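If you want the building blocks of each chain, they are given just below.
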Amino acid sequence: MAEYRYRDALRRALYEEMKADERVFIMGEDVGAYGGAYQVTVGLLAEFGEERVRDTPLSEAIIVGAALGAAMVGGRPVAEIMYVDFAALAMDQIVNQAAKIHYMFGGQFRVPMVLRTQQGTGRGAGAQHSQSLESWFVHVPGLKVIAPATPRDAYGLLRAAIHDDNPVIFLEHKGLYAVKGEVEDEPFVLPIGQAEVKRQGQDVTIITYSRMLGLALEVAEQLTSQGVSAEVVDLRTLKPLDYATLEESARKTRRVVVLHEAVKIGGLGAEISAELSQRLFGVLAAPIVRIGAEDVPLPANLELEKLVIPDAQRLTAAVEAVMRYQPMPTNGA
Amino acid sequence: MTEVSASVVLDLYQRMLRIRRFEEAVGGLFKQGQLPGFVHLYVGEEAVGVGVCAALRADDYITSTHRGHGHVIAKGGDINRMMAELFGKASGYCKGKGGSMHIADFSIGMLGACGIVGGGIPVAVGAGLSAKYRGTDQVAVCFFGDGAANEGSFHESLNLAATLTLPVIFVCENNGYGEFTPARQAMNIENIADRAAAYGMFGVIVDGTDALAVYMVAVEAVERARAGGGPTLIEAKTHRKGGHAEGEDAFLAGQKYRLPEELAAMAAKDPLEIMHRYIVEHAIASSGQLEEMDNAVVRAVNSAIDFARNSPEPDYASLYEDTWV
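Just so we're clear, the structure is a prediction, and the values are computed from it rather than from any experiment.

### A short note on the overall build of chain B
Here's step 1: Summing up its helical and strand segments, chain B has 12 helices and 7 strands in all.
Here's step 2: On C-alpha atoms alone, chain B measures out to a radius of gyration of 19 Å, which is about the 20 Å that the 2.2 N^0.38 rule sets for 325 residues.
Here's step 3: Along the three orthogonal principal directions, the C-alpha set of chain B runs to about 55 × 50 × 45 Å.
Here's step 4: Expressed as a percentage of its 325 residues, the buried residues of chain B come to 58%.

### Things to note about the overall build of chain A
Here's step 1: Along its length, chain A carries 12 helices and 14 strands.
Here's step 2: Computed over C-alpha atoms, the radius of gyration of chain A comes to 20 Å, within 12% of the 20 Å expected from 2.2 N^0.38 for 333 residues, which places it in the range of a compact globule.
Here's step 3: The principal-axis extents of the C-alpha atoms in chain A amount to approximately 75 × 40 × 40 Å.
Here's step 4: A burial count over chain A gives 60% of its 333 residues as buried.
Here's step 5: For chain A, long-range pairs separated by at least 24 residues make up 82% of all intrachain contacts whose partners lie at least 6 apart in sequence.
Here's step 6: Within the structure as shown, chain A displays about 12,800 Å² of accessible surface, and the carbon and sulfur contribution to it stands at 52%.
Here's step 7: Side chains of chain A give 33 positive and 43 negative charges; the mean places of these two sets differ by 3 Å.

### Side note on the environment of A:Thr208
Residues and elements named next belong to chain A.
Here's step 1: Its place among the elements puts Thr 208 in strand β10 (residues 204–208).
Here's step 2: Each C-alpha atom, one on Thr 208 and one on Val 183, is 21 Å from the other, the two residues being 25 residues apart in sequence.
Here's step 3: If we ignore the near neighbours within four places in the chain, the residues touching Thr 208 are Leu 213, Ala 216, Val 232, Val 233, Asp 234, Leu 235 and Leu 259.
Here's step 4: Looking at Thr 208, its side chain comes within polar contact range of the main-chain oxygen of Leu 259, at 2.9 Å.

### Quick word on the pattern of salt bridges
All names here are of chain A.
Here's step 1: This structure, assessed with the given rule, holds 43 salt bridges over all chains.
Here's step 2: Arg 211 is the salt-bridge partner of Glu 261, the closest N and O atoms lying 3.5 Å from each other. Linking Glu 261 in strand β13 (residues 256–263) with Arg 211 in the loop between β10 and α8 (212–223), this pair joins segments that are 50 residues apart in sequence.
Here's step 3: Assessed through its relative accessible area of 7%, Glu 261 is described here as buried.
Here's step 4: Residue classification places Arg 211 among the partly exposed residues on the basis of a relative accessible area of 23%.
Here's step 5: Residues joined in a network through salt bridges with shared partners are Asp 153, Glu 196, Lys 198, Asp 234 and Arg 236.

### Details of the sheet that holds strand β7 (residues 168–173) of chain A
Residues and elements named next belong to chain A.
Here's step 1: One open sheet holds the 7 strands; their spatial order is β3-β2-β4-β5-β7-β6-β12, and the pairing between them is mixed. With one partner strand each, in any of the chains shown, β3 (53–55) and β12 (237–239) form the two edges of the open sheet. Neighbour to neighbour, the strand axes of the sheet diverge by 20° on average, direction disregarded.
Here's step 2: Two elements, strand β2 (residues 24–28) and β3, share 3 bridges in a ladder whose sense is parallel. Pairing of Met 27 across the sheet is with Arg 54, part of β3.

### Notes on the interface of chain A and chain B
Accessible area lost during the coming together of the parts is what is often quoted as the interface size.
Here's step 1: Across the boundary between the two partners, chain A contributes 38 residues, which contact 38 residues of chain B.
Here's step 2: With both chains or domains summed, chain A and chain B bury close to 3,300 Å², and 66% of this area falls on carbon and sulfur atoms.
Here's step 3: Together, A:Ile62, A:Val73 and A:Tyr103 form the three largest contributors to the area buried by chain A at its contact with chain B, with a combined 21%.
Here's step 4: Between chain A and chain B we count 0 salt bridges in total.
Here's step 5: Joining chain A to chain B, the criterion identifies 13 residue pairs in polar contact (both at pLDDT 80 or more).
Here's step 6: Those elements that provide at least two residues to the side of chain A that touches chain B are β2, α3 (60–72), α4 (91–98) and α5 (101–104) of chain A.
Here's step 7: Considered class by class, the residues forming the side of chain A that touches chain B number 16 nonpolar, 12 polar and 10 charged.

### Some details on the side chain of A:Thr205
Here's step 1: Residue placement: A:Thr205 occurs in strand β10.
Here's step 2: Within the local environment of A:Thr205, its side chain forms a polar contact with the side chain of A:Thr253, the two groups lying 2.8 Å apart.

### Topic: the domain arrangement of chain A
Residues and elements named next belong to chain A.
Here's step 1: By the assigned domains, chain A splits into domain 1 (2–183) and domain 2 (196–324).
Here's step 2: Between the C-alpha centres of domain 1 and domain 2 the distance comes to 26 Å.
Here's step 3: Counting residues at the interface gives 31 residues for domain 1 and 24 residues for domain 2.
Here's step 4: Approximately 2,100 Å² of surface area, both sides summed, lies buried where domain 1 meets domain 2, with 55% of it carried by carbon and sulfur atoms.
Here's step 5: Taken as a group, Thr 121, Val 138 and Ala 147 account for 23% of the area that domain 1 buries against domain 2, more than any other trio of residues on that side.
Here's step 6: Put simply, domain 1 and domain 2 have 16 residue pairs in polar contact (both at pLDDT 80 or more) between them.

### A few points about helix α1 (residues 6–20) of chain A
Every α-helical turn comprises 3.6 residues, leaving residues that sit three or four positions apart pointing alike.
Residues and elements named next belong to chain A.
Here's step 1: The first and last C-alpha atoms of α1 sit 21 Å apart over 15 residues, in line with the 21 Å expected at 1.5 Å per residue.
Here's step 2: In terms of burial, α1 is largely enclosed, as 12 of its 15 residues are buried.
Here's step 3: For α1, the full list of buried residues reads Tyr 6, Arg 7, Asp 8, Ala 9, Leu 10, Arg 11, Arg 12, Ala 13, Leu 14, Glu 16, Glu 17 and Met 18.

### Looking at the packing of aromatic side chains
Residues and elements named next belong to chain A.
Here's step 1: Throughout the structure, instances matching the rule amount to 12 aromatic pairs over all chains.
Here's step 2: With a centroid separation of 5.8 Å and an interplanar angle of 65°, the aromatic rings of Tyr 38 and Tyr 83 are classed as edge-to-face. Here the residue Tyr 38 occupies a position in the loop between β2 and α2 (44–48), and Tyr 83 occupies one in the loop between β4 (76–81) and α4, the gap between them amounting to 45 residues.
Here's step 3: On the basis of relative accessibility, which here comes to 9%, the residue Tyr 38 falls in the buried class.
Here's step 4: Taking 5.1 Å as the distance between ring centres and 20° as the angle between the ring planes, the aromatic pair formed by Tyr 38 and Tyr 177 counts as stacked. Of this pair, Tyr 38 sits in the loop between β2 and α2 while Tyr 177 sits in the loop between β7 and β8 (180–183), and the two are 139 residues apart along the sequence. Across the pair, Tyr 177 and Tyr 38 agree in class, each one buried.
Here's step 5: Through successive ring pairs, a cluster of aromatic residues spans Tyr 6, Tyr 38, Tyr 83, Phe 86 and Tyr 177.
Here's step 6: Positioned over the ring face of Tyr 155 is Arg 12, at 4.3 Å from the centre of the ring.

Reading guide: rules and limits
Residues numbered from 1 in each chain as written. Chains lettered and ligands numbered in written order. Predicted model: local features only at pLDDT ≥ 70, side-chain atom pairs only at ≥ 80, totals over all residues. Heavy atoms only, no water. Helix = DSSP H or I, 4+ residues; strand = E, 2+ residues; numbered from the N terminus. Rg over C-alpha atoms; globule rule 2.2 N^0.38 Å. Buried < 20%, exposed > 50% of the residue type's maximum accessible area, 1.4 Å probe, protein only. Contact = heavy atoms within 4.5 Å. Areas by Shrake-Rupley, 256 points an atom, 1.4 Å probe, with all protein chains shown as cover. Lys, Arg positive; Asp, Glu negative; His and termini not counted. Charge placed at Lys NZ, Arg CZ, Asp CG, Glu CD. Polar contact = N/O pair within 3.5 Å; in protein donor to acceptor, adjacent residues only side chain to side chain. Salt bridge = Lys/Arg side-chain N within 4 Å of Asp/Glu carboxyl O. Pairing = 2+ DSSP bridges. Axes fitted to C-alpha atoms, helices over the stretch in contact; angles between N-to-C directions. Buried area = accessible area lost by both parts, 1.4 Å probe. Nonpolar A, V, L, I, M, F, W, Y, C, P; charged D, E, K, R; others polar. Domains from an automatic or database assignment. Expected span 1.5 Å × (residues − 1). Phe/Tyr/Trp six-rings, centres within 6.5 Å; stacked < 30°, edge-to-face > 60°. Lys NZ or Arg CZ within 6 Å of the ring centre and 35° of its normal.

As structure tokens, this is what we get:
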């Protein structure tokens, strides 16, 4: 067991996969000599050469399209889109092409392509470099979507994504790259599509993913002083969603808060809330509460930026609200 | 032209005939309401796909467009499975899930037709990138229209292919119209091939109604690509005999968008007639022999329609198959 930073855990996954399988290659903007905007691919160019660690022009559509074409004929590309915001420039290749190829052509092609990108706030990078756009991808049949929160998950799930024969959108978080955590020395792969209970609790379930996991764990710890035992479930994979784990936790606690950094409206919280409400209507002790970003573009000012996304105060208030919820008395009661 | 052998000439003509008769039959079926979706016919443009594909090997790759039936046939596709796909049948190339705009055949290197204008161009670049990385001498060809030459994907693709010296051949089928808008209203240049210079690659213009001319230009581009000489942009000037899509007359409601001078030019430039004349003039085959060939093609197309009609509909259970591997 050794301690890794998130970015180093990702690099370890890339390194091991490239060592093991020469079909795996990396392409993207400044992934080679510069080592990636967030330094994930540092050193890989020297190790594997420019055929396998390919710096590209600033051309997102062809980065994704070329990765797709290579994947269709036997390659296993890991393409990097520097910021998820730039994926907007490649959406045709992601949504209309990569996601559809396997189904639309009757299963003739496999698309073992990973699209690594990073998202989220925390740097005052402004409206075009700070978004959380996972809902765009989750809404498209044919894509898998992963958003790891810890170095261990980042390592194990990136390896799984590279092994997967489907197009995988791998969403890192710019605020997590320097975060440290334990990762086993022995190589391992984590299963795609499995959430993980990161903290056991009895009274309320906080469902979250990516950087908001840290906030959830922090607030859960603080809530013990109020006598509230909170369970924290980390989705890890956003598509396919592990409803079995979510349902099991929600059945136990009967109270659920869904937390994410993406805009609340139309966000994944709405999906999870609706599905769990339907499955557990008679079981839940309170309506499910969602917390997400405000419906505004992200401002550059760091204090304003903080106002947009969920914080400890808002999460605590949400948990308290579901804890004290009293059902309306029924007629005649 | 004399260096092209008689067997190649006859092969070009036969492939064009197969496309022409297939497309005519499809147009008729669509008119009768027997085909779902949208249908974009390749009639008039046959010489481009056929001339290029005749210069390719079976293991070379192509990507195609919404007007893609001709490319599949030119690359050697099975017209039974094509027709079944157009009918949405389980025996179709894509099990009835692709339709007219999405036919692929991996076994012949046909990486798929694409309903998004310009969407298939990057895929060919990726296939070429892979071929180069694997050290094979395969080439990848993408077909697209003049309309796609104004999409961002075209420009990004040419730039990357030229920068990395990839074995990719960009074949622009300039039929003069992006859907219903004349190309000259959509770009301030006469020749799309000029854009090759902007990316540092070879560009060439060819008469896209002359299969032999296309073939010879393609052979040169393929040789260059195989030898590591990088990509070529071929602009084939051609004509779309029909409309953008079948059934468009109903929407046009009498409005005309074809330019009179273009229609006049087209009348004198039917690719099958040009090839027919060449074959007879050079005594490669007689008119009678070509008619026999034509009749055989018509029989094959009719039998493809029978195959499609008699094929089963997809099972409802197949709906969720192939969502993911």
